[in-house]
Structures are given as C-alpha cells and as structure tokens.
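Reading the structure
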Amino acid sequence: MTNLLEPDPTRLPDRVDAQAAMDAGTDPADVAAEHPDFSEAWAALAERSLEAGEFVPAYAYARTGYHRGLDQLRRAGWKGFGPVPWDHRPNQGFLRALAALAKAAQRLGETEEYERCRKFIADSDPAAAAATGLQ
C-alpha cells in the first residue's frame with residue numbers, strides 16, 4: 001500500500017553521454033568539465049577527495065554536485081520533498097553527492113549540515129542511506 005499523500009517518486013532523466021564516459025573510466029574531472037551539470041561526476045570527485053583526506057575540496061565538489069542535482073530535481077517536478085529512488089541510476093549522482101556532502105561536513109565539524117544531509121538522504125530513500133553508509 002502506498003501513501004496517497006506522498007508525491008510520486010522523482011526520477012531524473014538519463015544522461016547517456018555523461019554516463020557512458022563515467023562507465024568507460026574517464027576521469028570524473030574531465031566528465032565534469034564537459035558536463036558541468038552531471039552530479040555523478042561531482043560526486044566521484046568528492047568521494048575521491050574524501051578518500052584522500054582532502055575534506056575542503058570534497059565539500060566543494062559535493063556541494064556542486066548537490067546543487068546541480070537539486071536544479072535537475074526541480075526541473076523534473078520535485079517540490080522539495082518526496083521520494084528520490086536510489087534504484088534509478090540517474091538519481092544516484094545526486095544522492096552520492098548529498099552523502100559526500102554529509103561526510104565532508106562531518107569531517108569539517110559542521111554537525112548541523114551533516115545531520116541535515118543525513119536526514120535528507122534517508123527521507124529521499126532509505127536504500128540510498130544504506131548504500132552510501134549514512135544510516
């Protein structure tokens with residue numbers, strides 16, 4: 001049974017060229033330069049920076065991917081709430097950027113931002129929170 005008060009899940013459109021470049025192993029910086037609104041490239045850059053212990057660049061990359069994803073969600077009809085399914089691959093770039101933003105914020109001591117992002121990803125799709133380690 002579904003919640004009739006909840007909006008339909010928002011699914012971002014496929015980005016075939018950008019996705020193909022990522023799948024082919026193209027450096028995410030090159031993908032972001034060619035497709036600056038492609039959240040997955042920014043998320044990959046943020047994740048790479050987090051792994052390297054570079055938390056300020058990670059925060060900046062993640063925030064860029066997050067904001068570009070918000071723009072696309074709004075264009076897709078999202079009203080600021082409702083499901084953003086993890087199992088729809090085009091949504092994963094935004095959700096990964098949101099998770100990276102939470103992790104970078106936590107490392108920089110921004111507790112409120114961390115909690116806001118953690119709640120946002122869990123509200124978007126609990127599977128996204130699990131997949132990104134933000135349960």
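Look up: the structure comes first, before these words.
Below is a summary of the structure that appears in this document. All figures in this text were calculated on a predicted structure; none of them were measured in a lab. Throughout this document, residue positions are counted from 1 along each chain, in the order its sequence is written. Owing to the predicted nature of the model, reporting of local features is limited to residues with pLDDT of at least 70; listing and counting of side-chain atom pairs is limited to 80 or more, with chain, interface and lining totals taken over all residues. Where side-chain values are given, they derive from all heavy atoms of the structure, hydrogens and water being excluded.

1. Let's talk about the pattern of salt bridges
Put simply, the rule reads: The term salt bridge refers to a pairing of a side-chain nitrogen on Lys or Arg with a carboxyl oxygen on Asp or Glu at a separation within 4 Å. Only runs of H or I of at least four residues qualify as helices and only runs of E of at least two qualify as strands under DSSP, and these elements are numbered from the N terminus.
What the rule picks out here adds up to ten salt bridges. In this structure, Glu47 and Arg96 form a salt bridge, with 2.5 Å as the shortest nitrogen-oxygen distance. Within this pair, whereas Glu47 is found in helix α3 (residues 39–51), its partner Arg96 is found in helix α5 (residues 89–107), the two being separated by 49 residues in sequence. Between Glu115 and Arg118 there is a salt bridge; the shortest N-O distance is 2.8 Å. Of the two residues, Glu115 and Arg118 are both situated in helix α6 (residues 111–124); the distance of three residues between them amounts to about one turn of the helix. Taken together, the salt bridges that share partners define one network made up of Asp23, Glu40, Glu47, Arg89 and Arg96.

2. A word on α5
Applicable threshold: Here the expected span of a helix is defined as 1.5 Å times the quantity of residues minus one. Only protein chains enter the accessibility calculation, which uses a 1.4 Å probe; a residue whose area is less than 20% of its type maximum is buried, one above 50% is exposed, and one in between is partly exposed.
For α5, spanning 19 residues, the distance from its first C-alpha to its last is 27 Å, which sits close to the expected 27 Å at 1.5 Å a residue. When you tally the buried positions in α5, you get 15 out of 19 residues, the bulk of the element. Gly109, located one to two residues past α5, shows a positive phi value of around 80°.

3. Some remarks on α3
Using the following cut-off: Note on contacts: a residue pair is in contact if any heavy atoms of the two residues lie within 4.5 Å.
Its 13 residues place the ends of α3 18 Å apart at the C-alpha level, agreeing with the 18 Å of an ideal helix rising 1.5 Å per residue. Within α3, the full set of buried residues consists of Ser39, Glu40, Ala41, Trp42, Ala43, Ala44, Leu45, Ala46, Ser49 and Leu50. In this fold, the buried residues of α3 make contact with α1 (16–23), α2 (28–34), α4 (55–75) and α5.

4. Remarks on empty space enclosed by the protein
Selection criterion: Here the term cavity refers to a set of points on a 1 Å grid, laid over the protein atoms alone, in which a 1.4 Å probe fits but cannot get out; the term pocket refers to an open set having protein on both sides within 12 Å along at least five of seven lines, with lining residues being those that place an atom within 4 Å of a point. Grid points are joined across faces, edges and corners, and a volume is the space filled by probe spheres set on the points. Three residue categories are used. Nonpolar comprises Ala, Val, Leu, Ile, Met, Phe, Trp, Tyr, Cys and Pro, charged comprises Asp, Glu, Lys and Arg, and polar comprises the others, including Gly.
Taken as a whole, this structure holds one cavity of 30 Å³ or more when the rule is applied. Its volume calculated, the largest cavity comes out at about 90 Å³. Around the largest cavity, the lining residues are Leu12, Pro13, Arg15, Gln19, Phe38, Ser39, Glu40, Gln72, Arg89, Pro90, Gly93 and Phe94. Of all the secondary structure elements, the ones that give two or more residues to the lining of the largest cavity are α3 and α5. No other element matches the four residues that α5 contributes to the lining of the largest cavity. Here the residues of the lining of the largest cavity are counted per class, giving five nonpolar, four polar and three charged.

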